Amino acid sequence: MSGGVRYPIVPPGAGDFRGEAGGAPAAHWKATAAGERLVPTHCSFCGVQCGMYLRVAEGRVIGVEPRNHDINKLRLCPKGVVAYQQVHHPDRLLTPLARARREAPLRPASWDQALDRIAGEIQRIQSGAGRDAFGVLGGASMTTEKTYLMGKFARVALRTRHIDYNGRLCMVSAAAANKQAFGIDRAGNPWADLLETDVVIVAGSNVAECFPVVMQYFWGARDRGAKLVVVDPRETPMARTADEHVPVRPGTDAAFYNGLLHVLVRDGLTDQRFIDEHTVGWAAARDTAAAYPPERVGEICGLDPRQIERVAHLWGRAGRCWAAHGRGLEQHVQGVDNVLAVINVTLATGQIGRPGAGYGTLTGQGNGQGGREHGQKSDMLPGGRDLSNPEHRAHIARVWGIDEADLPPKGTSMHEMVEQMARGEIRGLLGMCNNPLVSLPNQPVVRRGYDALEFHAQSDFFLSETAARADVVLPTTVWAEDEGLVTNGEGRVIKHNKAVEPPGEARTDWWILCELARRLGAGDKFAFTRPVEILDELRVASRGGVADYYGITYEKVERTGGVFWPCPDLDHPGTPRPFEGGRFHHPDGRARFHAVEWRPPAEPPDEEFPIRLTTGRTVAHFLSGNQTRRLPGLVEQTPRPWVEVHPSLGFADGDPVRVVTRRGRVTYPALVTETIRADTVFVPYHWAGPVAANVLTVDALDPVSRMPEFKVCACRVERGEAVDPVPEPPVPPGRRPDEAETAPLGERRPPSMPQGRGTAEG
Amino acid sequence: MMGTTLFIDPGRCIGCQACVAACRECDSHRGRSMIHLDYVEAGRSTAALPTVCMHCEDPVAPCAQVCPADAILVTADGVVQEAAKERCIGCGNCVVACPFGVPKLDVVEMLQYKCNLCYDRTSVGLAPMCATVCPTGALFYGSPEELEADRPGAHAADVFTFGDAAVRTGAAVVVPDGHAGPVPGGW
């Protein structure tokens, strides 16, 4: 309050209420200008892909205006409102950076120097240690055109088998289960169908914080009489008023859904006609569920057996039911099985493929769906094709103009690639659109992998923790500086539009890949000058595949507001409900049941580590936080991570509590609340360095999807001395720290709630 | 209750603070939110509650009535405006008088700030920014009929009692099924 009048009595509500983060965006406000134009686009963040307008004046993005798009109907979450503040952020990377050796500091370099060096290192490493010694890691926040090009670059320009992407941490369990059960990896219904449902089960998704804008569909369903069941070890904001909050013990989901199936069968609530006409494998699933009576399930899951009966009866007696699931179900060593167990319930009651009778995973990343369909996954080719299938290989080889024999075989998953880096099997790496030094589990192992690399190049628009230790850093565009398609969690293909030119020397990722390919002698296969040229090749490559995009063009997407794939020809309207009429994508048109046995998590609690640690998101931040930890309003809301503990563990709010696992220890401030199970603690994962949740998590993988078990490991909690400090996000050389009136991160008070700090907390 | 107004529906609020982020975007108070977002049962529940100006109708605008500088005006459509910057003397009377604790006083600038229902938007037929972006409809802008169409059967209250005093407001609050009469004790 310096400089102001000193009041003898300061009434409540008085202060400067600017908050510790200063309130203003780091790039400072730009006043509304005459001649402003609105560029229609979508959000940069999650898989909902809310429509928004960017306000553009004099070549700068100066703000956001809500857009009445079918997906979000004007609505935005706190991240969406401030997404535009990334564009002119002073932390942006403006030139390539390079260092001569690992210990030397990063210094600005020219594009030619940076790209020549990368191409030279690729050639040196591949000629010495084989093509597979150089790997590529992509990400699902890029447009579909870019993710397609990542796959092509790895297979055609590098001819390495080692390519994977960060969807491995996010969507792969759901994708694998959907392919097994339905023959296609796609949500069954658009979210608008939710308004017609009678019972919804939300399985392991904190919808209110991870996909806030989708809440309108769930609340809309309840307005019309639907009952809501939320299965989550925490009483999330969505679970607070649910008809049934099922506080399942982390790592026991498969048992719970088998328990539902058991009661449905026992009480004659299955749909035998649907089972007979539209499915295969019922007997095995039914017989397996017979061993999961409510009493046993209650014991495994830490639930009252009567609640299992109640939920099964709600579901079994309703006309139309909906199952939605998220990472809470999927990020387990039996993540694929967990999803299959939910699908069993859905299929046994015929609750799929109709308005109000829906099914789908809530995809996490912006292009989580599109980013996994067109070939940056280790075992996939464009169009959802299989890299091990000779016909699929032949088709793609033809489109790419190469010999099928030159297409590498399938590679390994992201975390396995990091282990191969530590063993020297992968010696060089190009990373784009990911931040594994925050996002992968068991960080000590990840660090060893990256430290062992002979050469590492990384592209990003902010200097992520992973980019900060690379040998060459390439400055790339934010979403508002390029155009391209993105597929949201419903399977709806929408388009990001370009609002402004990139700053400084930043260039888009697809240009970087084309330039590298040219230097590696494959320029003729990468002669793209605009994203639409990449899309046109992608459309042909995907044609006839499961994920058929042939009929999707920019013009069609802009005219309709979005097209649901598959869309096999230009006159095709798209496919909002792929399972309409009980028709599935296996050759016989039938869905598959799978008998699922519950297995304990990779690391069950024991005497030394008696508590279950689970991790997840908070509403103000996104993924590894490289974007959101730099946006003042979001930092204001939630400046640091915490450990959420039940009052029975004996801590008070703010106490330093050390969380110890077999892999590491971190001291967080305690957030004491009755909304979490007493045998479980929670840590949000968006922060880096010594406070990263992934210092603690276990790197056990699902045997099918190779997804890590982020959602449960064994820990103990004990009184600590002082909370571990939160590091400031890395910035490029020469960038001066913000001079705004912001308190350093280390001095900010922890949030009082899972959703952050209230604005009355001054 | 104003014809087209803001409805607050606490049962739907998820505490995400999209309203706070959106309010910070306003050109007249950029960087500062006029919305009080309270987590009302910290430690026991994830419940949250946004408080915006209720635009008191009877008695009309207590904040304006106690303003010694006549800085707070009520427009013909019932919207209680923020204190006019050229008139406000930063005395804080309005902060004390408001039954809902809405106005904020910047003691550096010596100016009052408060929600004015995004008058730049609502006066031209747009919804306020908070209610436009609110992911859940916990902040809803429209007529009672539009509220009914959006969520069938919803009831709203616009009278609040504080001891013996009652205040009728321009904005309204969605109340639970079966609740009749005024909302006691503020809320």
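These numbers come from a predicted model, not from an experiment.

1. Considering the domain arrangement of chain A
Residue and element names in this part refer to chain A.
So, point 1. One can read the domain layout of chain A as domain 1 (37-86), domain 2 (107-170 + 367-573), domain 3 (172-361) and domain 4 (611-761).
So, point 2. Between the C-alpha centres of domain 1 and domain 2 there is a distance of 25 Å.
So, point 3. Contacts between domain 1 and domain 2 engage 17 residues on the former and 16 residues on the latter.
So, point 4. Counting only elements with at least two residues in the side of domain 1 that touches domain 2, the list comes to strand S2 (37-42), strand S3 (51-57) and strand S4 (60-66).
So, point 5. The dominant element in the side of domain 1 that touches domain 2, judged by the number of residues it contributes, is S2, at four residues.
So, point 6. Here the residues of the side of domain 1 that touches domain 2 sort into seven nonpolar, eight polar and two charged.

2. Describing the nonpolar core
So, point 1. Core analysis: the largest hydrophobic core is formed by 292 residues, its most contacted members being A:Val200, A:Phe218, A:Val229, A:Leu260, A:Val643, A:Val659 and B:Cys130.
So, point 2. Examining the composition of this core, we find that nine residues originate from one element, helix H13 (residues 335-348) of chain A, more than from any other.
So, point 3. Those residues within four positions of B:Cys130 in sequence are excluded, and the remaining contacts are B:Cys19, B:Ala22, B:Cys23, B:Ile35, B:Val52 and B:Leu139.

3. Looking at helix H15 (residues 414-422) of chain A
All names here are of chain A.
So, point 1. Within H15, the full set of buried residues consists of Met414, His415, Met417, Val418, Gln420 and Met421.
So, point 2. Summarising the contacts, the buried residues of H15 are in contact with strand S7 (134-138), strand S8 (163-165), strand S17 (428-432), helix H16 (436-439) and helix H17 (443-452).
So, point 3. Just downstream of H15, glycine 424 is the residue with a positive phi angle, here 80°.

4. A closer look at the interface of chain A and chain B
So, point 1. Each partner contributes to the interface: chain A provides 57 residues, whereas chain B provides 48 residues.
So, point 2. In terms of residues, the side of chain A that touches chain B owes the most to one element, helix H6 (residues 215-223) of chain A, which gives four residues.
So, point 3. Partitioned by chemical class, the residues of the side of chain A that touches chain B number 29 nonpolar, 19 polar and nine charged.

5. Topic: the packing of helix H10 (residues 294-301) of chain A against helix H11 (residues 305-317) of chain A
Residue and element names in this part refer to chain A.
So, point 1. At a minimum axis separation of 8 Å, H10 and H11 run at an interaxial angle of 115°. Here H10 is positioned roughly perpendicular relative to H11, judged by the angle of their axes. By crossing handedness, the relation of H10 to H11 is classed as right-handed. Touching Pro294, Glu295, Val297 and Gly298 of H10 are Pro305, Ile308 and Glu309, all from H11.
So, point 2. Of the residues in the contact of H10 with H11, the class split is four nonpolar, one polar and two charged.

6. Structural notes on helix H4 (residues 172-182) of chain A
Residues and elements named next belong to chain A.
So, point 1. With nine of 11 residues buried, H4 lies mostly within the body of the structure.
So, point 2. For H4, the set of buried residues is Val172, Ser173, Ala174, Ala175, Ala176, Ala177, Asn178, Ala181 and Phe182.
So, point 3. Those residues of H4 that are buried lie in contact with helix H12 (327-330), H13, strand S14 (358-361) and strand S23 (591-592).
So, point 4. Positive backbone phi, at 80°, marks glycine 183, one or two positions downstream of H4.

7. Some thoughts on the environment of A:Leu340
Residue and element names in this part refer to chain A.
So, point 1. Its place among the elements puts leucine 340 in helix H13.
So, point 2. The exposure class of leucine 340 is buried, given the 26 C-beta atoms found within 10 Å.
So, point 3. Once the C-alpha coordinates of leucine 340 and proline 237 are considered, the two residues, 103 residues apart in sequence, prove to be 26 Å apart.
So, point 4. Setting aside residues no more than four positions away along its own chain, leucine 340 makes contact with Ala177, Gln180, Ala181, His594 and Val596.

8. Observations regarding the sheet that holds S3(A)
Residue and element names in this part refer to chain A.
So, point 1. With antiparallel pairing, the three strands of this open sheet are ordered in space as S2-S3-S4. Where the open sheet ends on each side, the last strands, each with one partner, are S2 and S4. For this sheet, the mean inter-axis angle between neighbouring strands, taken without regard to orientation, is 35°.
So, point 2. Where S3 and S4 come together, six bridges link them in antiparallel fashion. Across the sheet, residue alanine 57 finds its bridge partner in S4, namely arginine 60.

9. Observations regarding unusual backbone geometry
So, point 1. A cis amide bond links A:Trp565 to the next residue, A:Pro566, at an omega of -5°.
So, point 2. Structurally, A:Pro566 is set in the loop between strand S22 (563-564) and S23.
So, point 3. Here the residue pair B:Asp58 and B:Pro59 is connected by a cis peptide bond, since its omega of -5° sits within 30 degrees of zero.
So, point 4. With respect to the helices and strands, B:Pro59 occurs in the loop between strand S4 (56-58) and helix H2 (62-65).
So, point 5. Here A:Gln49, not a glycine, exhibits a phi torsion of approximately 60°, which is positive.

Cut-offs used in this document
All residue numbers refer to position in the chain's written sequence, counted from 1. Whichever chain is written first becomes A and whichever ligand is written first becomes 1, with later ones labelled in order. Note on the predicted model: pLDDT of at least 70 is required for a residue's local features to be given, and 80 or more for side-chain atom pairs to be given and counted; whole-chain, interface and lining totals, by contrast, use all residues. Residue ranges for the domains trace back to a domain assignment, done automatically or taken from a database. Contacts here follow a simple rule: the backbone-placed C-beta atoms of the two residues must lie within 7 Å. A run of DSSP states H or I qualifies as a helix once it reaches four residues; a run of E qualifies as a strand once it reaches two. Both are numbered from the N-terminal end. In this count, Pro and Cys sit with the nonpolar residues alongside Ala, Val, Leu, Ile, Met, Phe, Trp and Tyr, while Asp, Glu, Lys and Arg are called charged and the others, Gly among them, polar. As used throughout, a nonpolar core is a set of buried Ala, Val, Leu, Ile, Met, Phe, Trp, Tyr and Cys residues joined through C-beta atoms within 7 Å of each other. Here the C-beta atoms are placed from the backbone, and a residue counts as buried if at least 20 other C-beta atoms lie within 10 Å of its own, exposed if 12 or fewer do, and partly exposed otherwise. For helices, the axis comes from a line fit to the C-alpha atoms of the stretch in contact; other axes are also lines fit to C-alpha atoms, and the angle between any two N-to-C directions lies between 0 and 180 degrees. In what follows, roughly perpendicular refers to angles from 65 to 115 degrees, roughly parallel to angles under 35, roughly antiparallel to angles over 145, and oblique to any angle outside these ranges. Helix crossings are classified by the rotation of the near helix relative to the far one: an anticlockwise turn of less than a right angle makes the crossing left-handed, while a clockwise turn makes it right-handed. The rule for pairing is simple: two strands pair if DSSP sees at least two bridges between them.

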